[in-house]
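# Examination of the molecular architecture
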Amino acid sequence: MSSTPSKLDLAARAAWMYYVAGNTQNEIAERLGISRQMAQRMVAHAAASNLVKVQITHPISSCLELAQGLQQRYGLEVCRVVPAAAAQSDAGDVADIDGIDDTQEVQRMLAVASAELMEQYLHQEAPLIVNVGSGRTLKAAIEKITEMERPQHQIVSMIGAFASDGSANRYDVALQAAEKMQSRFYLLPAPRVAESDADRRQWCNHRAYKIVTGLAQRADVTFLGIGTIALQGAMHEDGFIDSDEVRQLQQQGAVGELICHAFDAEGRMLDSPLAARITTPPLSKSPSKPVIAMAGGRKKAVAVRAALRGGWLTGLVTDEYCARFALQDD
């Protein structure tokens, strides 16, 4: 992403908050993670660039409104919404998601927005314990993060490091994040899905497993993706669950997963045979520390809304399509 669009995006955000939402420059600086002087300059830059007339003439203005709507409706502390890859209908209808694959285009935009948000946390000088899940969008976001020297941080992977056949998860991001920051990293020494409940208990009773999950419980911030429970979804595609298990979960009402834990359309975690074999530590509802998810695209719309309904997140980076879908009533 070039510096010019990035500067315009920041200026548009600042202008929208100042002229539309009525925030002070101090409030803008705090919410955007910039200095008060920078906030003042961004508001001035928006006016000088003709972004501010009767309304903010920049595509991000509608995204800012959607982000504010999601924050108010679902009690989020932070939210970023990027433009949808495909235009909405004139009526704003977002119900038909069949046959449309906007994954790559949306992912590129989500990666940039997610990286900018993540850096606001990771640039801190104070030592942080940072939980990371897995997924294509999270991996793409970490690739966009600027390299920084933060050896005081600890990066913790929240998911098992390998599949039952011994193969590694290609979207595991703990090592990649640690290399970007020259930080220590911790992998969860277990398969993502154990052979049985007894096998899971054996893995989870290991001393190394308890050390890593103990760190995860004390994390200052958590970044993760939102997956779908579907054939060719990430867990199925990567061999962590087979086709029969996908169908069984769908029959129970599963629509998505957070670090392997499947949930239904209302965001309720499902008590399933698979759940008894998952080694990933459970998430806390209404978390007291930041838990920020990154997911978008039409195929993720139902899962994103369900995760919000469940109250598992304090923050979200998504696209315009998923945001509108999450704000619709059933």
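It should be noted that the structure appears before, not after, this text.
So, a few notes on the structure that sits alongside this text. (Residues numbered from 1 in each chain as written. Predicted model: local features only at pLDDT ≥ 70, side-chain atom pairs only at ≥ 80, totals over all residues. Heavy atoms only, no water.)

The next subject is the sheet that holds strand β9 (residues 291–294). A sheet is described by the order of its strands in space; here seven strands give the open sequence β1-β10-β9-β5-β2-β3-β4, paired in parallel fashion. In this open sheet, the two edge strands, each paired with only one partner strand, are β1 (78–82) and β4 (184–191). For this sheet, the mean inter-axis angle between neighbouring strands, taken without regard to orientation, is 15°. Of the strand pairs in this sheet, strand β2 (residues 129–132) and strand β5 (residues 221–225) are connected by three bridges, and their pairing is parallel. (Pairing = 2+ DSSP bridges. Helix = DSSP H or I, 4+ residues; strand = E, 2+ residues; numbered from the N terminus. Axes fitted to C-alpha atoms, helices over the stretch in contact; angles between N-to-C directions.)

Roughly 740 Å³ of volume is contained in the second largest pocket. If you trace the second largest pocket, you find 29 residues lining it, with Ser 6, Asp 9, Val 112, Ala 113 and Glu 116 closest to the centre. Broken down by secondary-structure element, the contributors of at least two residues to the lining of the second largest pocket are α1 (3–20), α3 (36–48), β1 and α5 (103–122). Of all the elements, α5 adds the most residues to the lining of the second largest pocket, at nine residues. Here the lining of the second largest pocket is built from residues that sort into 15 nonpolar, six polar and eight charged. (1 Å grid on protein atoms, 1.4 Å probe; cavity = no way out; pocket = protein on both sides within 12 Å on 5 of 7 lines; lining within 4 Å. Points joined across faces, edges and corners; volume = space filled by probe spheres on them. Nonpolar A, V, L, I, M, F, W, Y, C, P; charged D, E, K, R; others polar.)

As a packed pair, helix α4 (residues 60–74) and helix α13 (residues 320–327) sit with axes 10 Å apart at the nearest point and diverge in direction by 40°. On the basis of their axis angle, the class for α4 and α13 is oblique. As α4 packs across α13, the resulting crossing turns out to be left-handed. Residues Ser 62, Cys 63, Leu 66, Gly 69, Leu 70, Arg 73 and Tyr 74 of α4 form the contact with α13, whose own contacting residues are Glu 320, Ala 323, Arg 324, Ala 326 and Leu 327. Partitioned by chemical class, the residues of the contact of α4 with α13 number seven nonpolar, two polar and three charged. (Parallel < 35°, antiparallel > 145°, perpendicular 65-115°, else oblique. Left-handed = near helix turned anticlockwise from the far one by under 90°. Contact = heavy atoms within 4.5 Å.)

Per the counting criterion, the structure on display carries one cavity of 30 Å³ or more. Each pocket or cavity is described by its volume, and for the largest cavity that value is around 30 Å³. Within the residue set of the lining of the largest cavity, elements represented by two or more residues are α5, β2 and α7 (174–181). The residue inventory of the lining of the largest cavity, partitioned by class, reads nine nonpolar, no polar and no charged.

Under the counting rule described, the total for this entry stands at one aromatic pair. With centroids separated by 5.9 Å and ring planes inclined at 75°, the aromatic side chains of Tyr 121 and Phe 223 adopt a geometry described as edge-to-face. Pair noted here: Tyr 121 is in helix α5 and Phe 223 is in strand β5, with a separation of 102 residues, a long-range link. Accessibility classification places Tyr 121 together with Phe 223 in one group, the buried group. Positioned over the ring face of Trp 312 is Lys 285, at 5.7 Å from the centre of the ring. (Phe/Tyr/Trp six-rings, centres within 6.5 Å; stacked < 30°, edge-to-face > 60°. Buried < 20%, exposed > 50% of the residue type's maximum accessible area, 1.4 Å probe, protein only. Lys NZ or Arg CZ within 6 Å of the ring centre and 35° of its normal.)

With that out of the way, let us pick up the nonpolar core. Membership of the largest hydrophobic core comes to 64 residues, with the highest contact counts inside it found for Leu 70, Ile 226, Leu 308 and Leu 313. Looking at this core element by element, the count peaks at seven residues for α4. Ignoring anything within four residues of it in the chain, the contact list for Leu 313 reads Leu 76, Leu 224, Ile 226, Val 291, Ala 293, Ala 307 and Leu 308. Counting 29 residues, the second largest nonpolar core, distinct from the first, contains Met 118, Leu 138, Val 173 and Phe 223. (Core = buried A, V, L, I, M, F, W, Y, C linked by side-chain atoms within 4.5 Å.)

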